[in-house]
Amino acid sequence: MSLLPVLTSWYAYPFEELYGWLDDNVGTEVAYVVAAVIGAVGILTFVGLGALANVWLERKIIGRMQVRRGPNRVGPGGLLQPVADAIKLIQKEVLQPRAADGGLFNLPPIIVFIPAMLTFAVFAWAPDMVYADLDVGVLYLLALSSITSLAIFIAGWSSNNKYALLGAMRVIAMAIAYEIPLVLSLLAPVLLVGSMNIPEIINWQREHHTWIAFILPLPMLIYAFAATAELNRTPADIAEAESEIVAGFHTEYSGMKFGLFYAVELVNALAVSGIMASLFFGGYSLFGLDRWVPPWAILIGKIYIFYFGLIWLRGTLPRLRIDQLMGFAWKMLIPMALINIAVVAIQVLLWRELELTNWVLVPYAIINLVLAVVLIRQFYRMLTAGFYRLPTRVRLVPEVSVPSLPAPGSATQP
Amino acid sequence: MDDLAVVIAFYVLAGITLLSALMVSIVRDLIHAVLFLILSFIGVAGLYITLSADFVAVAQVLIYAGAISVLMLFAILLTPRSARDNSRVSYAAPISAIAGLLGAVIIFVGLNTEWAEVDREIDGSTARAIGNALLDPYVLPFEIASVLLAIAMIGAIILVRPNDEEGDL
Amino acid sequence: MIGLEHVLVVGALLFSIGLYTALSRKNAVGVLMGIEIMLNSVNLNLIGFSRFVESPNPIDGQVFAVFVITIAAAEAAVALALAVSVYRLRQTIDVDKLNLLKW
């Protein structure tokens, strides 16, 4: 077919030609700078458009899940709602409390955006289209997620507001508790592939004609939940629990500063979906389809499928309490993540040292699936656990008996 | 290391690091000092990258700027506002003279020693090399470091437990 | 154009700043901040040596730096736990006032 060379050379990899031409004619440094600028512009365009599209997607889909229509007034089907939101936020008065810490108050909206944007630099959008081919790509992603919690703390502390500080402390406690399962679960694909380089992980998935999620379902689930908690999204969004602590760490931020926090939450959700798509679900490859369809379109499609999954979680699950969240992290996720690392390490060792065939990955997948089912069952029990323990303070009058609450689902009166 | 971009990056990052380390001792509020300390950690991580140590740079950001700084902020917030000043001791002037003198001596010795310098090509990934080194020649310090971390964690938890233990904590 | 001398000068300056910060603070957490700056400068020197100086295994400098980072994390945890518990007992973390062992 004469169409195929056109698709693979011009349509799917448009910039390689430009780089080659610049490299031959003008000079290598100029070609490098131009390539870097074009890549940065492309990534930032995706981030910006993604933030806009996500506002509409989130509100529409959550509306449909809650049996209502979602925004439908502003444009055809509410498509201009993000624009209306942006205009509303821009024209609001930007207040700064007098007792807030002067220069420090304006810093967090900027600082919290930087890791969100930097995450997109290590994704591989096509077989040779990665902006920063780091040898320690996975570790770089983890380092960025630990900076976000610092920025939220600065926001909560510099507002000089008790509720903001309370929200910030809760966020940091949750963030550092969930960082451990995050790190350990992202270590499992690294163990399997033997490299922290993200394009190489995607190549491994392409060569073995499988997705890592099929072999390692348990780290995928641990990563999904730990990332949801790191993003402060429902079911783990006690940071901005509107019914509890006014608005958490961004209480005192108004106007476009709040808009930046909101946008960062959406961009972070895209970034987490991107990490999941690249590391666990094959990135730009779709069992050979990436020779006809542009690979970056496949990656963007996968990112939006996982983003839909995150929205689904948000629309379905109730907000968990902080002690439930911390208990789940320390008592369930971290032991499961450690067991997972041990199991995966033994499996990889047997596979590599004894030089077994590649089909041994199938029983490995079954073992990991059993462990994943255990984790899902524990999560279900946490969500449906009733009020199982009454406070046991020392009582002045020992004979007064405390009436016990009915078992969940059996009584009818509140 | 004679790429113009690397040279500019080195000077800019060194300037940021030294300036923020100096501001740690100058600002009046302790939390501002911790924030400048975080900036100096990130500057040092950038310096590691110009020296082609990518794994150590990312580990520095992850551990220092991500975990130790949060620890310091928590410890500061557990102490009252009156104890949160970043003031100097009364004998700070002789100390600055001593520190400056020590720095000058180290610079003089460092510049006048005949180091066996070699212009090395960085090959492959340092992460793999560090991993091999940690498991082959240096496995004993590796295990001792992990035991030390466990002991430090247990010790820190025991130190901050409340002394009276009736009912729930 | 960046040679070993540049790295050593930056490391020495950082060390003297860290030394001044550690010795001249009233607050115990301030002293800890100075110690962390000094450890960072030592790490910078080690990485510089690993990059520029001839050696049979040039990766040893970076391994040493990783160990220093690890030990610094453990030490910061214990030092801050000590600071918090000293505050509980003596209601202050001014190092001038913690002089019970003085005779």
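Residues numbered from 1 in each chain as written. Chains lettered and ligands numbered in written order. Predicted model: local features only at pLDDT ≥ 70, side-chain atom pairs only at ≥ 80, totals over all residues. Heavy atoms only, no water.

**Focus on the overall build of chain B**
To keep things clear, this is the line we draw: By definition, any uninterrupted DSSP run of H or I lasting at least four residues is a helix, any uninterrupted run of E lasting at least two residues is a strand, and each is numbered from the N terminus. For every residue, the accessible area (1.4 Å probe, protein chains only) is compared with the maximum for its type, and the residue is labelled buried under 20%, exposed over 50%, or partly exposed between those bounds. We call two residues in contact when some of their heavy atoms are within 4.5 Å. Computed by Shrake-Rupley with a 1.4 Å probe, the accessible areas treat only the displayed protein chains as cover when residues are assessed. For the purpose of charge, His is not counted, nor are the chain termini; Lys and Arg are scored as positive and Asp and Glu as negative. A charged residue contributes its charge at one atom only: NZ of Lys, CZ of Arg, CG of Asp or CD of Glu.
Looking only at helices and strands, chain B has six helices and zero strands in total. Listing every helix and strand of chain B by position from the N terminus yields α-α-α-α-α-α. Seen through its C-alpha atoms, chain B measures out along the principal axes to roughly 65 × 45 × 30 Å. Within the span of chain B, comprising 169 residues, buried residues form 41% of the whole. Sequence separation of at least 24 residues holds for 61% of the intrachain contacts in chain B that already meet a minimum separation of 6. Accessible surface for chain B amounts to roughly 9300 Å². Of this, 68% is attributable to carbon and sulfur atoms. Side-chain charges of chain B comprise 7 positive and 16 negative groups, with the mean position of each set lying 13 Å from the other.

**Quick look at the confidence of the model for chain C**
Residue and element names in this part refer to chain C. Our working definition: In predicted models, pLDDT denotes the confidence assigned by the predictor to each residue on a 0 to 100 scale.
Looking at chain C as a whole, the pLDDT averages 89, with 99% of positions reaching at least 70. Mean pLDDT in chain C bottoms out at helix H3 (residues 60–90), which sits at 91, and peaks at helix H1 (residues 4–23), which reaches 94. Scoring of the predicted complex yields 0.87 for pTM and 0.90 for ipTM.

**As for the side chain of Glu179 of chain A**
Residues and elements named next belong to chain A. Note the cut-off: Salt bridges are defined as contacts in which a side-chain nitrogen from Lys or Arg sits within 4 Å of a carboxyl oxygen from Asp or Glu.
Tracing the chain through its elements places Glu179 in helix H9 (residues 162–193). The side chain of Glu179 sits in the buried core without any salt bridge; Arg170 is the nearest counter-charge, 17 Å away. If sequence neighbours within four positions are ignored, Glu179 has contacts with Ser146, Ser149 and Glu230.

**Things to note about the interface of chain A and chain B**
Operational definition: As used here, buried area is the combined drop in accessible area, with a 1.4 Å probe, of two parts when they are placed together. In protein, a polar contact requires one atom able to donate a hydrogen and another able to accept it; more generally it is a pair of N or O atoms within 3.5 Å, and residues adjacent in sequence count only if both atoms are side-chain atoms.
Contact with chain A, which involves 22 residues of that partner, is made by 22 residues of chain B. Between chain A and chain B the total buried area reaches about 2000 Å² when both faces are included, carbon and sulfur atoms providing 78% of it. Taken together, the links from chain A to chain B amount to zero salt bridges. There are one residue pair in polar contact (both at pLDDT 80 or more) connecting chain A and chain B. When residues of the side of chain A that touches chain B are traced back to their parent elements, those giving at least two are helix H8 (137–158) and H9 of chain A.

**Focus: the arrangement of the chains**
Across the two pairs of chains in contact, the largest number of contacts is found between chains B and C. As for chain C relative to chain A, no contact occurs, and the smallest C-alpha gap between them is 14 Å.

**Section: a nonpolar patch on the surface**
How we decide: Note that patches include only residues with greater than 30% relative accessible area and no salt bridge, and the join distances are 9 Å for like charges and 5 Å for nonpolar side chains (Val, Leu, Ile, Met, Phe, Trp, Tyr).
A cluster of nonpolar side chains, contributed by Tyr19, Tyr32, Val33, Val37 and Val41 of chain A, occupies part of the molecular surface with about 490 Å² of accessible area. Broken down by element, the nonpolar patch gets its largest block of residues, four residues, from helix H3 (residues 28–65) of chain A.

**Some points on the environment of Asp85 of chain B**
Within the secondary structure, Asp85 of chain B sits in the loop between helix H3 (54–77) and helix H4 (92–112). Look at Asp85 of chain B and you get partly exposed, because its relative accessible area is 35%. Residues in contact with Asp85 of chain B, not counting those within four places in the same chain, are Arg28 and Leu30 of chain B together with Asn27 of chain C.

**A short note on the pattern of salt bridges**
Counting across every chain of the model gives three salt bridges over all chains. Salt bridges here are not isolated pairs; linked through shared partners, they connect Glu58, Arg233 and Arg314 of chain A.

**What to know about the nonpolar core**
Here is the rule we go by: Nonpolar cores were defined as sets of buried Ala, Val, Leu, Ile, Met, Phe, Trp, Tyr and Cys residues, with membership established by side-chain atoms within 4.5 Å.
Counting residues in hydrophobic clusters, the biggest one holds 184 residues, and the most contacted among them are Phe120, Tyr178, Tyr223, Phe280 and Phe328 of chain A together with Val56 of chain B. The contact partners of Tyr223 of chain A, leaving out residues within four places of it in the chain, are Leu182, Ser185, Leu186, Val272, Ile275, Met276 and Phe280 of chain A. Formed by seven residues, the second largest nonpolar core is a distinct cluster that contains Ile95 and Ala99 of chain B together with Ala22 and Met38 of chain C.

**Considering the domain arrangement of chain B**
When the parts of a complex come together, some accessible area is lost, and that lost area is often taken as the interface size. Operational definition: Domain limits in this description derive from either an automatic procedure or a database domain assignment.
Segmentation of chain B into domains returns domain 1 (1–109) and domain 2 (124–169). Distance between the C-alpha centres of domain 1 of chain B and domain 2 of chain B: 24 Å.

**Topic: the interface of chain B and chain C**
Taken together, the contact pairs 77 residues of chain B with 67 residues of chain C. Both sides together, the interface formed by chain B and chain C hides about 6800 Å², and carbon and sulfur atoms give 76% of it. Considering only the surface of chain B that becomes buried against chain C, Leu51, Tyr64 and Arg120 of chain B emerge as the three largest contributors, covering 10% of it. Our count for the chain B to chain C interface comes out at zero salt bridges.

**Some thoughts on unusual backbone geometry**
Residue and element names in this part refer to chain A. Positioned with a positive phi, Val67 is a non-glycine residue whose angle comes to about 55°. Mapping Val67 onto the fold places it in the loop between H3 and helix H4 (81–90). With a phi close to 55°, Asn232 is a non-glycine residue in the positive phi region. Within the element layout of this structure, Asn232 appears in the loop between helix H12 (217–230) and helix H13 (256–280).

**Considerations on a negative patch on the surface**
On the surface, a cluster of negative charge is contributed by Glu117, Asp119 and Glu121 of chain B together with Glu5 of chain C. Take Glu121 of chain B: it is sitting in the loop between H4 and helix H5 (126–135). Residue classification places Glu121 of chain B among the exposed residues on the basis of a relative accessible area of 69%.

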